[in-house]
Amino acid sequence: MNVLQVAFAAVAFTLLEGWHVSATTCANLPRTSTAVEFSKLSFDYLVGGGTAGVALSARLAEDPSTTVGLIEAGDIHLNDPTVEVPARSGIGNASYDWLFTSVPQTHLSGRSFAIPRGKMLGGSSGINGMAWGRASSVEYDAWIPFASDSSWGWSGLLPYLRKCENYTLPPHDPFPGISEQDRERALHDLPHVDSFSGPIVASHNDVYFDAAFQMANVLNDLGIGTNVEPQSGNASGVTNTLTNINRVEGKRSYSANTYYCSHANDANYHVLLNAQATKVSFTKGKSPLVATGVEFVVGGKTYKATARREVILSAGTIQTPQLLELSGIGNSSILQSFGIKPLLDLPGVGENLQEHLFVLAEWQVKPGVQTFDLLRNNATFAAEQQMIYDETRGGLLAATDSLLAFLTLGDIVSSSEMATLLSIFDKEAAETTSPLTKLQNRFRREYFADGSAAALELIEWVRGLVDPAPGKSYVSVIGGMVHPSSKGSVHIASSNPLTAPAVDFNLLSSEFDTQLILQILKFLIKIGGRAPFADLVQVQTDPDPSLQTDEELLSYISSGASIGDHSVGTAPMAPKDFGGVVDNTLTVYGTANLRVVDASIIPIHIGAHIQSTIYAIAEKAADMIKHSGYGRSNSTTSA
C-alpha cells in the first residue's frame, strides 16, 4: 500500500443510476442591501441568518405567498476561498468569526477558551470542520420524554436527516475492517438511510494517508470494529467520516451556498447583511406575548423590522439566550441586575450549556511517513497541490482527515474501572435536585453501563497540532467525552446588546467527567504504542512520556484539554417546570409566535458532530411552521 494512497480520482465519481451530485454555484447578492429598505418591508417571517436559520428561511420561501426576511450580523462569503476551500479556515479571523471567549475555567487551570462561531450568512456551517454524521438512534429517542412528543425521536427525525443530505456514493471505502458482506448490506440499506437529493453534499475523502489505516487496524485489533454505515442508527465504531464537501467543485457545501443560493432570486426572500439583531419586539399587555418584530443595529443606528406571523431565533447556542434575555425573557433576577424589565420569567434561558471536552496525544512520525504536514514543510509540494486544486478541484487542499471513532465506555476501561466510574456517577447523580439533570442522568447512565451509545469520540489528525517543529511530521489523536455531566451557562454580561455574553462551560466540575477524561487520555497513549500504528512513530511528543502518574496526567489535562466546538442546550426543548425554554413546537413558553430553531434547543448532548442534526431540526421546524395556522388570519402590529 502506498503511504499516501490516492484512493479516488479527484473529480470522478461512480454513482448508482439516478444518483448524482448537484453542483451549485451562486454569485447572487441579497435582494435587499440597506437597513432602510429592509425596515420598510413587512414580513410574514423574520429569521436569523445562522446555519439553521438560512436552511429554515429558504424552506419557508418555497411558498411564494409568504414574505421571508433574513437578518445576519456578518457578511456573505460566496466563492470566498477562505470559507469554501476545505484546507482553509476563517476561524480566528474577525471577518468570519465572532471571536467569543469563555470565562476562565476553574477546573482547567483558569484558562479561557476561544469559542469559534461563524459571523457570516450560514453561521458556523461556514467555519466548522466539515465532519458530517448522525448520533445513534437511542440518542435521538432520548429526546422524546423531554419533548413529550415521539416525533422528536429517531424515526421522526430520520426523514429530516435525509432531507438535508445529498449523499455521494464512493466507488470503494478503503478503510480496513470492512467485509464484502458489510459492503453489500450497506449498499442495500443506503436508499433507506441516506438521501441523494438534499442541499448539503455529503462525501468521503479522495485522499487518505497510511496513518489513518494503521490507526484503524489498531482499533480493530482491540475489538472496535469498522462501522461501514454509521448513518443507520448505530454510530459506534471506527468510521471513515463523511464530510460536507462537494467533490465536483472541491468546495465546502454549507448553508449559504446551497439553501440560500437555491432561493436567492425569489422575489419573496430578502436578506439583510451586517445587521445585528438586538431585541425582539412584542405587543404590549398581551398574554401570551405576541412577537411583532426585531430591532437591529447597522452602523450604530437602530432599526426595526416587522413580522406578521412569526419571529424565529437562530442565533445559536451562544447568542440565542443572549437575545432572549435582551428581549426581557429569562431569569428575572439576572435581567433586573442589568436593568432589563422582565416580560417572562424563564429561569432555564442560558442554562444547561453542554460541550464536548477533548484531550490530545501526539506523536512525531518517522522520516518518510507522509502527513498533511507536507503542506507546511515543503513549499514546492504545497505549490503543486495548489495547482492540482486549481486544475482539478482535488488533491490535499480539497481533503480533510478521515478517521473518527465513537467508543463505548466498555471499549476503554476494565470491568473494575467501569464499576468505579459508575459509582462516582451515581454519587453525583444522587446529589442533584434538578428534574432536567435527573432525566439526562437516566440516559447517560444507560449509555455508560450498557454501551447502547458511545461515551467518547476519537478524532485522528494526520498532522501536528501542538507546536510542530519545522521539517517534522506528526499524527495527533484527540479524545473527548460526548455525554458530559458538567454543565455551564450563557448569560448577558451587559444591557448593551453589542457586548459579548458571558460563557461559562463549567468544564470538569464533575468528578465523573474528570475521571473519564483521564481514562480517555490513558487510552490514547495505549493505542499510540501499539503496532502497526506504532511502527510509524519515532517519539511521543504529547503528553511528555515522563508523565506517568494519574496526578501528572490530570495536570496535563488541566493545562491542555480543549473544547470540541459542539455547544448545545441553552434554550432546551423540555417541560417548563424542568427548566425548559421551548415546547415541542420550538415555541418559547409564554409566547404565541416566537420560536427557537438552532442547537440551543437540544436537551441532552449527542455523540456526533452536530451540524447534520441542526439541519434536520431546521427542516422539521420548516414543516411545523408551514402547517401552523398562527398569523394566517391575524395582523400583529406594535403597540
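Structure shown above.
Quick look at the structure, then. Computed from a predicted structure; not experimentally measured.

Description of the packing of helix H14 (residues 415–431) against helix H15 (residues 435–450)
Reasoning step 1: Packing of H14 against H15 brings their axes to within 11 Å, and their N-to-C directions diverge by 175°. In this view, H14 runs roughly antiparallel relative to H15, as classed from their interaxial angle. Contacts between H14 and H15 involve Met418, Leu422, Phe425, Asp426 and Ala429 from the first element and Asn441, Arg444, Arg445, Phe448 and Ala449 from the second.
Reasoning step 2: Broken down by class, the residue content of the contact of H14 with H15 amounts to six nonpolar, one polar and three charged.

A closer look at the pairing of strand E22 (residues 456–461)
Reasoning step 1: Buried residues dominate E22, accounting for five of its six residues.
Reasoning step 2: Relative to E22, strand E21 (residues 403–407) runs antiparallel, the two sharing four bridges. If you follow Phe406 over to E22, its bridge partner there is Glu457.
Reasoning step 3: Two elements, E22 and strand E23 (residues 474–481), share six bridges in a ladder whose sense is antiparallel. The partner of Leu456 across the bridge, within E23, is Met481.

Comments concerning the packing of aromatic side chains
Reasoning step 1: Within this structure, the stated rule accounts for 20 aromatic pairs.
Reasoning step 2: With centroids separated by 6.1 Å and ring planes inclined at 70°, the aromatic side chains of Phe175 and Tyr208 adopt a geometry described as edge-to-face. Within this pair, whereas Phe175 is found in the loop between strand E7 (165–167) and helix H7 (180–193), its partner Tyr208 is found in strand E9 (residues 207–209), the two being separated by 33 residues in sequence.
Reasoning step 3: The buried category is assigned to Phe175, whose relative accessible area is 2%.
Reasoning step 4: For Tyr208, a relative accessible area of 1% gives the class buried.
Reasoning step 5: Members of the aromatic cluster, each reached through a chain of ring pairs, are Phe38, Phe43, Phe296 and Tyr303.
Reasoning step 6: Over the face of the ring belonging to Trp98 we find Lys119, whose NZ or CZ atom lies 4.5 Å from the ring centre.

Focus on the pattern of salt bridges
For side chains bearing opposite charge, pairing can occur when the charged atoms are close.
Reasoning step 1: Evaluation of the coordinates by the stated rule reveals 19 salt bridges.
Reasoning step 2: The residue Asp401 makes a salt bridge to Arg463 at a minimum N-O spacing of 2.7 Å. On the criterion of sequence distance, the pair formed by Asp401 in the loop between helix H13 (379–392) and E21 and Arg463 in the loop between E22 and E23 is long-range, its members being 62 residues apart.
Reasoning step 3: Judged by its relative accessible area of 13%, Asp401 falls in the buried class.
Reasoning step 4: Arg463 sits in the partly exposed class, given a relative accessible area of 23%.
Reasoning step 5: Among the salt bridges present, the one from Lys522 reaches Asp550, with a minimum N-O distance of 2.8 Å. Taken together, the residues Lys522 in helix H16 (residues 511–528) and Asp550 in helix H17 (residues 550–560) connect sequence positions 28 residues apart.
Reasoning step 6: We classify Lys522 as partly exposed; its relative accessible area is 31%.
Reasoning step 7: Accessibility expressed as a relative area gives 31% for Asp550, which makes it partly exposed.
Reasoning step 8: Ionic contacts of the salt-bridge type, sharing partners, join the residues Arg59, Glu62, Lys163, Glu619, Asp623 and Lys626 into one network.

Parameters and conventions
- Residues numbered from 1 in each chain as written.
- Predicted model: local features only at pLDDT ≥ 70, side-chain atom pairs only at ≥ 80, totals over all residues.
- Heavy atoms only, no water.
- Axes fitted to C-alpha atoms, helices over the stretch in contact; angles between N-to-C directions.
- Helix = DSSP H or I, 4+ residues; strand = E, 2+ residues; numbered from the N terminus.
- Parallel < 35°, antiparallel > 145°, perpendicular 65-115°, else oblique.
- Contact = heavy atoms within 4.5 Å.
- Nonpolar A, V, L, I, M, F, W, Y, C, P; charged D, E, K, R; others polar.
- Buried < 20%, exposed > 50% of the residue type's maximum accessible area, 1.4 Å probe, protein only.
- Pairing = 2+ DSSP bridges.
- Phe/Tyr/Trp six-rings, centres within 6.5 Å; stacked < 30°, edge-to-face > 60°.
- Lys NZ or Arg CZ within 6 Å of the ring centre and 35° of its normal.
- Salt bridge = Lys/Arg side-chain N within 4 Å of Asp/Glu carboxyl O.

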